[in-house]
Amino acid sequence: DSYLEEDKKNILQLVENTAGGFSELNNQVNVLLREWISGVLLSEAEKGDSKGNKKTLENALKLYRIARALDTMGDHDKALELLNTCRSIQERLLGKDHPDT
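Small disclaimer: the values here were computed from a predicted structure and weren't measured. (Residues numbered from 1 in each chain as written. Predicted model: local features only at pLDDT ≥ 70, side-chain atom pairs only at ≥ 80, totals over all residues. Heavy atoms only, no water.)

Draft legend 1. A look at the nonpolar core. Of all hydrophobic cores here, the largest spans 11 residues; its members are L41, A45, A60, L63, I66, A67, L70, A79, L82, C86 and I89. Among the elements of the structure, α2 (21-47), α3 (57-72) and α4 (76-94) are those that each provide at least two residues to this core. Not counting residues up to four positions away in its chain, the partners in contact with A79 are A67, L70 and D71. (Core = buried A, V, L, I, M, F, W, Y, C linked by side-chain atoms within 4.5 Å. Buried < 20%, exposed > 50% of the residue type's maximum accessible area, 1.4 Å probe, protein only. Helix = DSSP H or I, 4+ residues; strand = E, 2+ residues; numbered from the N terminus. Contact = heavy atoms within 4.5 Å.)

In structure tokens form, the structure reads like this:
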């Protein structure tokens, strides 16, 4: 919302006159937000656990949560990659027959 009513009218007019109007602007904003969120999540996945270790159960849980978020956002391939890494860590630390694996 703008401070001045005239500014508000000008902004709304500009958006309405843009190809696609509000709907297209909303789509573009959503794409940019998804890309930004995905980048933040993937950056966090690279860091490892709270001490920087990548082969711990703490990190496996973090990777699982990030993978679920990416999957929800439609990035299924990256989510699957992180889930496989998570499973690999759990198998190595808990064994293949453990219920959490």
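Draft legend 2. Broad picture of the packing of α3 against α4. Between α3 and α4, whose axes approach to 8 Å, the crossing angle comes to 160°. When the axes of α3 and α4 are compared, the pair comes out roughly antiparallel. Two packed elements cross with a definite hand, and for α3 against α4 that hand is left-handed. The segment α3 lies against α4, with L57, N59, A60, L63, Y64, I66, A67, L70 and D71 engaging H76, K78, A79, L82, L83, T85, C86, I89, Q90, L93 and L94. (Axes fitted to C-alpha atoms, helices over the stretch in contact; angles between N-to-C directions. Parallel < 35°, antiparallel > 145°, perpendicular 65-115°, else oblique. Left-handed = near helix turned anticlockwise from the far one by under 90°.)

Draft legend 3. Region of the structure containing the environment of G48. Tracing the sequence through the fold places G48 in the loop between α2 and α3. Apart from the residues within four sequence positions on either side, G48 is in contact with N53, K54, N59 and K62.

Draft legend 4. Expanded view of the pattern of salt bridges. Tallying each qualifying case throughout the model produces four salt bridges. Note that E44 is salt-bridged to K62, the shortest N-O span being 3.3 Å. Taken together, the residues E44 in helix α2 and K62 in helix α3 connect sequence positions 18 residues apart. Assessed through its relative accessible area of 32%, E44 is described here as partly exposed. Take K62: its relative accessible area is 18%, and that puts it in the buried class. The partner of K78 in a salt bridge is E81, with the nearest N and O atoms 3.0 Å apart. Of this pair, K78 and E81 both sit in helix α4, separated by three residues, roughly a single helical turn. A residue is classified by how much of its surface remains accessible, and E81, at 43% relative accessible area, is partly exposed. Among the ionic contacts, a cluster of salt bridges with common partners joins E44, K47 and K62. (Salt bridge = Lys/Arg side-chain N within 4 Å of Asp/Glu carboxyl O.)

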